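Okay, here's what each chain looks like letter by letter:
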Amino acid sequence: MKKRKFLLSIMSVLFFTLSILSLASNSSNEGYIASFNILRLGDSKKDIPQTAKLLQGFDIVGLVEVMNRDGVEELLDELNKQSDEKWEYHISPFGVGSSKYKEYFAYVYKKDKVKFIKSEGFYKDGKSSLLREPYGATFKIGNFDFTLVLVHTIYGNNEAQRKAENFKMVDVYDYFQDKDKKENDIFIAGDFNLYALDESFRPLYKHADKITYAIDPAIKTTIGTKGRANSYDNFFFSQKYSQEFTGSSGALDFSGDNPKLMREIISDHIPVFIVVDTSKDDD
């Protein structure tokens, strides 16, 4: 019975992956940008082949909760083994967090479709009051260039600690927006440990750049032992500048009928993604 449930769960992963692959092949002028809390990549037992199968339909994936470079390289090797595409990666130069626990941020992307432009570094050069300072890098898909900022806010001992960090997302946006006056497309993505309608995001929504979220807060993006649990993962972007966002977004649920197993062998989060028009750039 346990083997049957495992096979059904893997079939669920394959079904959703094939759905993304089908969507991604519909238009050469669309880019699929994802964010994924990959659950201690490089420092936990993980089914890398199934993880790679889950992600190969995207053009670029921002990875949160990366423990080391070895984990990213193992995932990259598997992506290249499974896919006809050539995959590359970029990882932050060092980990951020406490003295006892640090995480890296990383990106895996299709080399023939996505061009890595440059690293934008850590928020405030890694010297802010946030436990894990967000990290940004600029890429280009087709004619569309953008900065993808990855975030993993603190979970902490209580909700107040989470709110305190998310109140600062407006400062994170301004920091990366001001780094390059010619690049206005800033996407802030990752695991915020609160849903997008929480009061802590109000300063972000009041910004003159008309910032909003891309993933419906009703979509649960974490996996509990009995099913999907919380809406913690999202994308935030400017409606004023990033009109390349097509309005299409979603979350790739692989939890199937055995969420307890899937959170152990892949992650306790599911990938979230947006679709962008790559035929033009409004910067």
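Residues numbered from 1 in each chain as written. Predicted model: local features only at pLDDT ≥ 70, side-chain atom pairs only at ≥ 80, totals over all residues. Heavy atoms only, no water.

Draft legend 1. Broad picture of the environment of E199. One can find E199 in the loop between strand 9 (186-191) and helix 6 (202-205). For E199, a relative accessible area of 37% translates into the label partly exposed. The contact partners of E199, leaving out residues within four places of it in the chain, are K163 and F167. (Helix = DSSP H or I, 4+ residues; strand = E, 2+ residues; numbered from the N terminus. Buried < 20%, exposed > 50% of the residue type's maximum accessible area, 1.4 Å probe, protein only. Contact = heavy atoms within 4.5 Å.)

Draft legend 2. Molecular detail of the nonpolar core. The biggest cluster of nonpolar side chains holds 32 residues, and the ones touching the most others in it are F36, L63, L75 and V108. If one sorts the elements of this core by residue count, strand 1 (residues 30-41) sits on top with five residues. Those residues in contact with L75 that sit more than four places away from it in its chain are I38, L41, I48, T51, A52, L55 and L63. Counting 27 residues, the second-largest nonpolar core is a separate cluster that includes I33, V64, F144 and F237. (Core = buried A, V, L, I, M, F, W, Y, C linked by side-chain atoms within 4.5 Å.)

Draft legend 3. Highlighting the sheet that holds strand 6 (residues 114-122). Spatially, the six strands line up as an open sheet ordered 6-7-8-9-13-10, and their pairing is mixed. Each of the sheet's edge strands pairs with one partner strand only, and the pair in question is strand 6 and strand 10 (211-213). Geometrically, the sheet is characterised by an average inter-axis angle of 25° between neighbouring strands, direction not taken into account. Note: strand 9 against strand 13 (residues 233-238), four bridges, orientation antiparallel. Its bridge partner being in strand 13, A189 is matched across the sheet by F235. Strands in contact with helix 5 (residues 169-179) are strand 6, strand 7 (135-141), strand 8 (144-152), strand 9, strand 10 and strand 13; relative to strand 9, the strand with the most contacts, it is inclined by about 140°. (Pairing = 2+ DSSP bridges. Axes fitted to C-alpha atoms, helices over the stretch in contact; angles between N-to-C directions.)

Draft legend 4. View of unusual backbone geometry. Although it is not a glycine, L39 adopts a positive phi angle of roughly 60°. Among the structural elements, L39 can be located in strand 1. Judged by relative accessible area, which is 19%, L39 ranks as buried. Within the chain, E65 stands out as a residue other than glycine whose phi angle is a positive 70°. For E65, the location among the structural elements is in strand 2 (residues 60-66). In this structure E65 comes out as buried when scored by relative accessible area, which is 9%.

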